[in-house]
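For reference, the chains in residue letters:
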Amino acid sequence: MKVYNPNYKERVKSNLERQFFMKHIGFNLDIIEPGRTEGILNLEQIHKQQVGFAHGGLVATLADIVAGFAAVTLVPADHHVVTGEIKISYLNPGVGQQLKAKGWVLKQGRKMNFCEAEVWAINDGKEILIAKASATMVTIFPEEIK
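Quick caveat, the model's predicted, so the values are computed rather than measured.

Rules used throughout
Residues numbered from 1 in each chain as written. Predicted model: local features only at pLDDT ≥ 70, side-chain atom pairs only at ≥ 80, totals over all residues. Heavy atoms only, no water. Phe/Tyr/Trp six-rings, centres within 6.5 Å; stacked < 30°, edge-to-face > 60°. Lys NZ or Arg CZ within 6 Å of the ring centre and 35° of its normal. Buried < 20%, exposed > 50% of the residue type's maximum accessible area, 1.4 Å probe, protein only. Salt bridge = Lys/Arg side-chain N within 4 Å of Asp/Glu carboxyl O. Helix = DSSP H or I, 4+ residues; strand = E, 2+ residues; numbered from the N terminus.

A. How the structure looks around the packing of aromatic side chains. Overall, the coordinates contain zero aromatic pairs when judged by the stated rule. The ring of tyrosine 4 carries the charged tip of lysine 2 above its face, separated from the ring centre by 5.2 Å.

Set out below in structure tokens:
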């Protein structure tokens, strides 16, 4: 993977400061590396559906966040990244004390980065894969922003 911004960690951390939704749900990125990010969410009642499973929308959001920020680590400082497409496959109910989300870039491109993500439920120390995602992250060039 080619990193076009040597200050990618600072950029991601700066972007995270402006991510009010992530703060609202309590999600943080713990690992920020070229083409890869990971984070943990402590599950609370507000994150759960009626029978105690993590809400599907929350799981999809975590996958989107880690895939998107994995792409951000690779683009130039003046470029932006948006989700062009994301597909989520739910494999197991999200039951546990925490959710762990991992995202990485599979194929780096100038205009698009093809990414994958996994979301794991952590229950009493045991990790269970609850969702996998494939995402296309689109790079927005400075001249395209109006």
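B. Molecular detail of unusual backbone geometry. Positioned with a positive phi, aspartate 124 is a non-glycine residue whose angle comes to about 55°. Since its relative accessible area comes to 70%, aspartate 124 is described here as exposed.

C. Here's a closer look at the pattern of salt bridges. Counted by the stated rule, this structure contains seven salt bridges. A salt bridge links arginine 36 to glutamate 33; its shortest N-O distance comes to 3.0 Å. We classify arginine 36 as partly exposed; its relative accessible area is 26%. When its relative accessible area of 34% is taken as the criterion, glutamate 33 is described as partly exposed. Lysine 100 is the salt-bridge partner of glutamate 127, the closest N and O atoms lying 2.9 Å from each other. Residue glutamate 127 is located in strand S6 (residues 126-140), and its partner lysine 100 is located in strand S4 (residues 98-107); the two are separated by 27 residues in the primary sequence. You can call glutamate 127 partly exposed: its relative accessible area is 35%. A network of salt bridges, in which partner residues are shared, links Glu33, Arg36 and Glu38.

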